[in-house]
Each structure stands twice: as structure tokens, then as C-alpha cells.
There are 2 protein chains.
Amino acid sequence: MAAEAQELKAEPRSARKRRAIVEAATAVFLRNGYLGTSMDEIAALAGVSKQTVYKHFADKKRLFSEIVSSTVDEVSEAVHNEVLKLEDSGDLKADLGDLARRQLAAVMQPRLLQLRRLVIGEAGRFPELGRVFYERGPGRTVSALATIFERLRARGMLVLDDPLLAAHHFNWLIMSIPLNEAMLLGHDAPLARADLDRYADAGVGVFLAAYGRR
Amino acid sequence: MAAEAQELKAEPRSARKRRAIVEAATAVFLRNGYLGTSMDEIAALAGVSKQTVYKHFADKKRLFSEIVSSTVDEVSEAVHNEVLKLEDSGDLKADLGDLARRQLAAVMQPRLLQLRRLVIGEAGRFPELGRVFYERGPGRTVSALATIFERLRARGMLVLDDPLLAAHHFNWLIMSIPLNEAMLLGHDAPLARADLDRYADAGVGVFLAAYGRR
């Protein structure tokens with residue numbers, strides 16, 4: 001009984017430590033880059049021993065991979081839910097516009113921009129980290145868009161013969177301009193919402209000119 | 001006379017050394033990243049003394065900036081000349097297709113992809129390096145496209161009211177899919193030319209659906 005009670009109490013404590021490690025690691029990785037980060041520094045900032053860090057994460061790469069997954073999933077999950085809602089759209093221009101504005105605002109969050117830059121910078125050395133980001137982020141969104149676009153085509157709302165290509169076009173028409181600028185120029189300060197909305201609406205306009213019902 | 005002859009001979013020798021330094025530095029930066037590169041290593045690979053490196057380039061940042069400029073300029077200059085040729089186009093679909101295919105092949109060169117990744121990875125710490133890449137690369141291309149698109153609009157070949165936005169849309173419709181994949185997935189091996197051409201042609205199709213003459 002005593003051992004069991006202790007185990008029940010130990011579990012949340014372990015989860016708390018894990019969360020502290022992930023938060024500290026995110027801060028240190030984003031500040032110092034992948035190579036510039038040591039497990040010692042993460043342990044110190046999290047207020048745990050280095051052994052505790054290694055108990056939760058076998059090595060630095062797995063810890064970084066966990067941060068990439070959880071940060072990307074958080075954004076990607078929200079976008080995914082927005083994409084699924086499109087299926088029953090009765091006003092595609094308005095609904096694509098809503099999706100595009102939300103998607104762009106989500107992707108342009110400073111922390112995600114910083115992480116994306118870091119992952120790209122390391123993609124030559126550690127392509128598996130970039131793969132996690134790609135597959136759980138843009139890859140997942142584009143794949144969901146393709147499924148929904150095919151259903152919208154079947155309903156006569158879109159005209160297309162390659163749903164995956166159309167999904168890529170939509171995704172990048174919305175995001176490319178501010179995202180590529182932010183990547184190279186190192187901007188993390190959020191753009192004005194009005195500017196993001198303008199890019200989103202203009203992207204939807206081009207998309208519908210190409211793929212909308214005549 | 002003797003001093004003058006020596007000076008004439010000294011000039012090419014200095015230029016040769018400078019070229020050797022730039023070539024060595026490119027190799028070391030792309031292999032080890034910005035932080036992982038030392039002037040010592042560059043000097044050793046170039047076969048010159050460290051003093052000679054510092055005589056040509058005051059510090060590591062200026063040397064890296066020189067590499068970014070010269071690599072980006074080489075590609076950007078070729079694309080720029082292609083863009084200018086559009087002005088007199090009689091068959092916009094064919095000529096935009098040609099431009100798009102050449103532009104995409106140029107931007108997807110392995111060395112430029114590696115450098116782009118490196119610059120993005122450092123853009124948080126050294127935004128001025130990303131600014132050099134952006135302004136001499138995509139920024140320059142988009143600006144030239146906007147000028148030409150405005151002239152094509154005046155000739156009745158395009159329908160648009162924001163030439164700069166249309167230029168961004170063209171640029172990223174052509175490049176976003178393979179470029180963003182390559183950035184995150186760490187692919188440097190050149191994509192099959194047929195795949196690049198397919199992205200280029202599809203991008204031109206969407207662009208003309210939105211901005212072409214009805």
C-alpha cells in the first residue's frame with residue numbers, strides 16, 4: 001500500500017520534471033542552436049540533475065526531436081481541424097479565406113519560426129529532425145487539404161485533376177511570402193495581423209482563379 | 001620599373017590567394033556551419049597563412065558575407081537576364097514556362113540549397129547575412145518581375161493591380177514546393193529535371209489562370 005501510494009505520487013512528479021526539462025531545453029536550443037546546447041545547461045535551467053535529463057531522454061537528439069514534435073503538433077493539430085471543417089463548405093471563398101487567415105497566423109508564431117530556422121540549419125547534418133518537422137507540419141496539412149479538395153471536387157466545388165498538387169499550391173500561396181521572408185531576414189516579431197490577412201486573402205484569390213468552379 | 005613589374009605580378013598572386021580563400025571558406029562553412037568554422041581551418045585548407053586570410057577579410061562574418069554575395073549573385077544574375085527578356089514576349093505562356101524552368105533549376109543547385117540552409121540557421125543571430133541573401137536573391141528577382149509584369153499589364157498581356165504581389169505569387173508558385181521540401185528534408189541531390197519542370201509548368205498554369213488575359 002505504501003509503495004503503491006508512493007508510486008502514484010511519483011508519477012506526477014516525474015511528469016512535472018519532464019515538462020520542466022522540455023521547457024528548459026526549448027529555451028536553450030532556440031537561444032544557442034543545436035550544436036551550442038549542452039545537456040548540462042538544460043539540466044541547470046530545468047533545476048534537475050543531468051542524470052534526470054538522461055533518464056527522460058536518452059540523448060540530445062531525442063530531446064530535440066521531442067521538442068520539434070510537440071511544438072509542431074500543437075500548431076498542426078489546430079490547422080488540421082480547420083481543414084476538416086472545409087468539407088461541408090457552402091461558401092468556399094469565405095471558408096478558404098478563414099482557413100488561410102488562421103493557418104498563416106498559426107505558422108507565423110515566433111517560437112515556431114525560430115524552431116523552423118533551427119531545424120533547417122541542421123537539416124544537412126540531421127535530416128531526421130527536418131523530416132519530423134515536415135511530416136507533422138506542412139506535410140500533414142497538405143495531405144489533409146488534398147483529401148478535402150478531392151471531396152470538394154466530387155461535389156463540383158473545385159475543378160482539378162491533381163488534388164495533392166492543388167493542396168501544395170494552396171498551402172504555399174498562403175504562406176510563402178511572409179514565411180520565406182521571415183526565414184531569411186530573421187524576423188520573429190509577429191507581422192501585423194492586417195498584413196497576414198492580406199497575404200491570406202490574395203492567396204485564396206489566386207487559388208480560386210485556378211481551381212474554382214467556373 | 002622593377003617595383004612596377006613586381007606590383008603587376010603581385011596583383012594576380014593576391015587575387016589567386018583571395019580566390020583560394022573564398023573556395024576553402026565555402027567548403028568549410030558548408031561542411032561545419034558558421035559557428036563550427038574557424039579562420040585557422042580556412043587558412044590551412046587554402047594553403048595560406050592566417051594573416052593572409054585576415055589581410056583579405058577583416059573577420060569571419062565579412063568572409064561569410066562575401067561567400068553569400070558571390071554565390072547568390074551568380075544565380076541571381078542569370079535569372080535576372082531571363083526575366084528582362086520577358087518584356088517583349090509574344091507568347092507569354094511559353095516564355096513564362098521557359099523562365100520558370102530555368103529559375104527553378106538555378107535555385108535548386110545543391111550548393112545554393114546548402115548555403116540557404118546555413119543562412120537561415122544563422123538568421124536569428126546574424127540577420128544581416130540573411131538580408132544579403134534575400135536582397136540579392138529572391139528580393140532582386142521579385143523586384144525585376146514586378147517591373148516586367150507592370151509593362152506586360154500595360155501591353156494588355158496580364159491583368160493585375162499589384163505587380164509586386166503578382167511577382168511574389170509567380171516566384172513562390174514556381175519554387176515553394178521543391179524548395180521548402182529541400183530546406184526541411186535536407187535534400188541536396190538535384191531533383192530529376194522532369195519533376196522540376198512539372199512544378200514550373202504547374203505554377204505557370206496557376207499564375208496565368210489568376211493573372212492572364214481572359
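Our subject is the structure that appears above.
Residues numbered from 1 in each chain as written. Chains lettered and ligands numbered in written order. Predicted model: local features only at pLDDT ≥ 70, side-chain atom pairs only at ≥ 80, totals over all residues. Heavy atoms only, no water.

1. Side note on the overall build of chain A
In step 1: The helix and strand tally for chain A stands at 10 helices and zero strands.
In step 2: Taken from N to C terminus, the helices and strands of chain A fall in the order α-α-α-α-α-α-α-α-α-α.
In step 3: When each of the 214 residues of chain A is scored for burial, the buried share is 52%.
In step 4: Considering only residue pairs separated by 6 or more positions, chain A has 73% of its internal contacts joining residues 24 or more positions apart. (Helix = DSSP H or I, 4+ residues; strand = E, 2+ residues; numbered from the N terminus. Buried < 20%, exposed > 50% of the residue type's maximum accessible area, 1.4 Å probe, protein only. Contact = heavy atoms within 4.5 Å.)

2. Quick notes on a positive patch on the surface
All names here are of chain A.
In step 1: Taken together, the side chains of Arg13, Arg16, Arg19 and Lys55 define a basic patch exposed on the protein surface.
In step 2: Tallying contributions element by element places helix H1 (residues 2–32) first for the positive patch, with three residues.
In step 3: Position of Arg16 among the secondary structure elements: in helix H1. (Patch = residues over 30% accessible without salt bridge, like charges linked within 9 Å, V, L, I, M, F, W, Y side chains within 5 Å. Areas by Shrake-Rupley, 256 points an atom, 1.4 Å probe, with all protein chains shown as cover. Salt bridge = Lys/Arg side-chain N within 4 Å of Asp/Glu carboxyl O. Lys, Arg positive; Asp, Glu negative; His and termini not counted. Charge placed at Lys NZ, Arg CZ, Asp CG, Glu CD.)

3. Thoughts on the relation of the copies chain B and chain A
Here the two chain copies are tied together by a rotation about an axis and a shift along that axis.
In step 1: Rotating chain B by 180° and moving it 0.0 Å along the rotation axis overlays it on chain A with an RMSD of 0.0 Å. Viewed as a symmetry operation, the transformation between the two copies matches a two-fold axis. Measuring from the rotation axis to each C-alpha of chain B, the shortest distance belongs to B:Gly121, at 1.9 Å.
In step 2: A share of 98% of the interface residues of chain B reappears at the interface of chain A, consistent with the copies meeting face to face through the same patch. (Least-squares fit on C-alpha atoms with pLDDT ≥ 70 in both.)

4. Here we look at the pattern of salt bridges
In step 1: In total, this model carries 36 salt bridges over all chains according to the counting rule given.
In step 2: Here B:Lys85 ties to B:Glu82 by a salt bridge, and the two come within 3.5 Å at their closest N and O atoms. Taken together, the residues B:Lys85 and B:Glu82, both in helix H4 (residues 60–85) and three residues apart, mark about one turn of the helix.
In step 3: Among the residues examined, B:Lys85 registers a relative accessible area of 57% and is labelled exposed.
In step 4: Each of A:Arg101, A:Arg193, A:Asp197 and A:Asp201 takes part in one network of salt bridges that share partners.

From the geometry alone we can't say anything about function, so treat these as descriptive.
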